[in-house]
Amino acid sequence: MDRIRQVKLSSVVLPLDQPISDAKVLTGRQRPMTEIVFLFAEIATTDDQHGIGFSYSKRAGGPAQYAHAREVAAGVIGEDPSDIGKVYDKLLWAGASVGRSGVATQAIAAIDIALWDLKAKRAGLPLAKLLGSYRDSVRAYNTSGGFLHAPIEEVKERASKSLADGIGGIKIKVGQPDTRIDLERVRAVREYLGDDVPLMVDANQQWDRPTALRFGRVLEEFDLVWIEEPLDAYDALGHAELAAALDTPIATGEMLSSVGEHVRLIEARAADIIQPDAPRIGGITPFLKLATLADHNGLQLAPHFAMEIHLHLAAAYPREPWVEHFEWLNPLFNERLETVDGRMLVPDRPGLGFTPSEQCARWTVDSCEFP
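Residues numbered from 1 in each chain as written. Predicted model: local features only at pLDDT ≥ 70, side-chain atom pairs only at ≥ 80, totals over all residues. Heavy atoms only, no water.

If you check an unreviewed UniProt entry, the protein chain appears there as Galactarate dehydratase /L-talarate dehydratase from Kribbella kalugense.

**Description of the packing of helix H4 (residues 103–123) against helix H12 (residues 284–296)**
For the record, the criterion: The angle between two axes is taken between their N-to-C directions and runs from 0 to 180 degrees, where each axis is a line fitted to C-alpha atoms and a helix contributes only its stretch in contact. A run of H or I in DSSP becomes a helix once it reaches four residues, and a run of E becomes a strand once it reaches two; helices and strands are each numbered from the N terminus. Our angle categories are set so that under 35 degrees counts as roughly parallel, over 145 as roughly antiparallel, 65 to 115 as roughly perpendicular, and the remainder as oblique. When checking whether two residues touch, look at their non-hydrogen atoms; a contact exists if any pair is within 4.5 Å. Residues are grouped as follows: nonpolar covers Ala, Val, Leu, Ile, Met, Phe, Trp, Tyr, Cys and Pro; charged covers Asp, Glu, Lys and Arg; every other residue, Gly included, is treated as polar.
Following both chains from N to C, one finds H4 and H12 inclined at 85°, their axes separated by 8 Å at the closest point. Between H4 and H12, the angle falls in the class roughly perpendicular. Every residue of H12 that contacts H4 at Asp112, Ile113 and Trp116 is listed here: Ile284, Thr285, Pro286 and Leu288. Residues that form the contact of H4 with H12 fall into these classes: five nonpolar, one polar and one charged.

**Quick look at the sheet that holds strand E3 (residues 50–58)**
Quick reminder of the rule: Here, any two strands with at least 2 DSSP bridges between them count as paired.
Spatially, four strands are ordered E3-E2-E1-E14 in an open sheet, and the strand pairing comes out antiparallel. Sheet topology places E3 and strand E14 (364–370) at the edges, where each strand pairs with a single neighbour. Strand-to-strand twist in this sheet, taken as the mean axis angle between neighbours without regard to direction, amounts to 15°. Relative to E14, helix H2 (residues 62–72) is tilted by about 10°, and along the sheet it contacts strand E1 (4–20), strand E2 (33–45), E3 and E14.

**Comments concerning the packing of aromatic side chains**
Note the threshold: Planes of paired rings set the category: under 30 degrees apart is stacked, over 60 is edge-to-face and the rest tilted, where pairs are Phe, Tyr or Trp rings (Trp by its six-membered ring) whose centres lie within 6.5 Å. Throughout, exposure labels follow a simple rule: accessible area from a 1.4 Å probe, protein chains only, divided by the maximum for the residue type, with under 20% read as buried, over 50% as exposed, and the rest as partly exposed. Two limits define a charge over a ring: the Lys NZ or Arg CZ must be within 6 Å of the ring centre, and within 35 degrees of the ring normal.
Scanning the model with the defined rule gives 17 aromatic pairs in all. Note on Tyr141 and Trp226: the rings are 5.1 Å apart at their centroids and 90° apart in plane angle, and the pair reads as edge-to-face. With Tyr141 in strand E4 (residues 137–142) and Trp226 in the loop between helix H8 (209–219) and strand E7 (227–228), this pair connects stretches of sequence that are 85 residues apart. Accessibility classification places Tyr141 together with Trp226 in one group, the buried group. Each member of the aromatic cluster is reached from another via a ring pair, and the members are Phe38, Phe40, Phe54, Tyr56, Phe147, Phe305, Phe326, Trp328, Phe333 and Phe354. Between Lys58 and the ring centre of Phe305, over which it is positioned, the NZ or CZ distance is 4.0 Å. We note Arg100 situated over the ring of Trp93; from NZ or CZ to the ring centre the distance is 4.8 Å.

**Quick word on the UniProt feature "site: Increases basicity of active site His" (unreviewed entry) in the protein chain**
Cut-off, in case you're wondering: UniProt positions are given in the numbering used here, feature names are shortened, and annotations may be inferred rather than shown by experiment.
This chain's UniProt record puts "site: Increases basicity of active site His" (unreviewed entry) on Asp277. Among the structural elements, Asp277 can be located in the loop between strand E9 (273–274) and helix H11 (278–281). The contact partners of Asp277, leaving out residues within four places of it in the chain, are Tyr56, Glu254, His304, Phe305 and His310.

Spelled out as structure tokens, the structure:
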């Protein structure tokens, strides 16, 4: 029987081309984002099979994820790599004193994702096919061109490029202190794109309830696919009241770091579209549990960030989902995802279908191996 013989952890710092600002920066709650810190996990077995996974953090938390993973990773040595549920529970219990959300689960997410990558590779299948896909491509929308630091003409130009590159929808950021500026930007982009291009907006949790309701009503005229994170991520009741009051669908969930936190959203009927992030909620194992609950409750799915992972998970969701396109991670990998006619294609490569690049190795700031 094959066994896990080695786990390698790496902390990788990816610098962004320019500082990135969303509404959290303009309201003074965060500083511009200049880098993303990744936790990579590489697993090798006695049969010389290999899997790779990653988690990540923005602005803070990267060193904490790496430190927690170092404390618990040795516990998987000698385990059967097919027993992913068993290994997951073992990692949870190894760090039980710090809970089952936040940094603790984000750290073990990298290992969990690596195990799923390994399992699909052993089967000779893309991960989506191993999970049981409903489709070979998923609707894709671009976010990276719509941040608030970019002048509106640049937002338009980047939207055109995204559409020309085969991406189907465009999301832009809102949530500035002056909603009149937001309205001008949304109107400008809608008029530029025309009525047929799917358009989303994302307030990054920066509105209070009255502002979200008033501005949400104003936004109805633009026929948006959704309004994302209009309120604080943990305000399930506020999101529920907003979802009931507006015709435009409400999307949220990306900031939550456990299945339990998402369950509260679902039970409150706080979202029309749920946006879990596999690295943030602990990996693919908990993501699959959440996806079952979301489908049972009739929710649409639009996973946040990390398209390299979420494309496979979205392809295996029963209801037609969306995947968020970010090109930021491209330098980390040798392979690229393809977008055609508004959809992102599931690669035919086994597993997740990605291998770390030489640049990824150059950006590695620390690493360790077990045993």
